[in-house]
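Single-letter residue listing:
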Amino acid sequence: MPADIQKPLRTCAGCRQISAQADLVRLVVVDGTLTLDIDRRLPGRGAYLHLSAECGTAAVARRAFNRSFRMNLSVSALPAGWESLISPNSPNSPTPHGA
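Since the model is a prediction, treat every value here as computed from it, not as a measurement.

Asker: Please explain the nonpolar core as it appears in this structure.
Answerer: Core analysis: the biggest nonpolar cluster contains 21 residues, and Val25, Leu27, Leu49, Phe65 and Trp82 have the highest contact counts within it. Breaking this core down by element, the ones donating at least two residues are strand E3 (24-30), strand E4 (33-37), strand E5 (46-50), helix H1 (53-61), helix H2 (64-69) and helix H3 (82-86).

Structural data, given as structure tokens:
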């Protein structure tokens, strides 16, 4: 495989930094609820976020998910399970932001 093939890039909804898709976690709206899409297979628009508390907090504070999903969501916190992904012992999680 040629070395010049580029990886897909996405923008973090929290810090707005462009990163490789593999370094971000995808979130989608399912039945009006913000949901983690670990396998990146759920249908619909997705928002991407670094696995860091700073990016998660910034995205919630900036109401970034309302813009990303083009709908009025009342998101006051990230979905359940988010904290376990940030933990350094999670073997299958993407690389945390800044690591």
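Following the structure, the description resumes.
Asker: Where do I start with the packing of aromatic side chains in this structure?
Answerer: Scanning the model with the defined rule gives one aromatic pair in all. A ring pair is formed by phenylalanine 65 and phenylalanine 69, whose centres lie 6.4 Å apart and whose planes are at 20 degrees; its orientation type is stacked. In this pair, phenylalanine 65 and phenylalanine 69 both sit in helix H2, four residues apart, roughly one turn of the helix. Classification of phenylalanine 65 as buried rests on a relative accessible area of 2%.

Asker: Explain the sheet that holds E3 here, please?
Answerer: In any sheet, the strands associate via hydrogen bonds between backbone groups, in a parallel or an antiparallel arrangement. Strands sit in the order E4-E3-E5 across an open sheet of three strands; the sheet is antiparallel. Edge positions in the sheet fall to E4 and E5, since each has one partner strand and no second. In this sheet, adjacent strand axes meet at a mean angle of 35 degrees when their direction is disregarded. Sheet topology places E3 next to E4; five bridges connect them, and they run antiparallel. Looking at E4, one finds that valine 28 is bridged to threonine 35.

Asker: Got a minute to help me understand the side chain of glutamine 21 in this structure?
Answerer: Its location among the elements puts glutamine 21 in the loop between strand E2 (18-20) and E3. Relative accessible area serves as the criterion here: at 16%, glutamine 21 is assigned to the buried category. A distance of 3.3 Å separates the side chain of glutamine 21 from the side chain of tyrosine 48, its partner in a polar contact.

Asker: Hey, could you run me through the side chain of serine 19 in this one?
Answerer: Relative to the helices and strands, serine 19 is located in strand E2. Excluding anything up to four places from it in sequence, serine 19 contacts Pro8, Leu9, Arg10, Leu24 and His50.

Asker: Is there a simple way to explain the environment of valine 25 in this structure?
Answerer: Of note, valine 25 is situated in strand E3. With relative accessibility at 3%, the residue valine 25 sits in the buried group. Spatially, the C-alpha atoms of valine 25 and tryptophan 82 are 9.7 Å apart, while their sequence positions differ by 57 residues. If we skip the residues at most four places from it in the chain, valine 25 touches Leu36, Ile38, Arg40, Ala47, Tyr48, Leu49, Leu51, Trp82 and Leu85.

About the thresholds
- Residues numbered from 1 in each chain as written.
- Predicted model: local features only at pLDDT ≥ 70, side-chain atom pairs only at ≥ 80, totals over all residues.
- Heavy atoms only, no water.
- Core = buried A, V, L, I, M, F, W, Y, C linked by side-chain atoms within 4.5 Å.
- Buried < 20%, exposed > 50% of the residue type's maximum accessible area, 1.4 Å probe, protein only.
- Helix = DSSP H or I, 4+ residues; strand = E, 2+ residues; numbered from the N terminus.
- Phe/Tyr/Trp six-rings, centres within 6.5 Å; stacked < 30°, edge-to-face > 60°.
- Pairing = 2+ DSSP bridges.
- Axes fitted to C-alpha atoms, helices over the stretch in contact; angles between N-to-C directions.
- Polar contact = N/O pair within 3.5 Å; in protein donor to acceptor, adjacent residues only side chain to side chain.
- Contact = heavy atoms within 4.5 Å.

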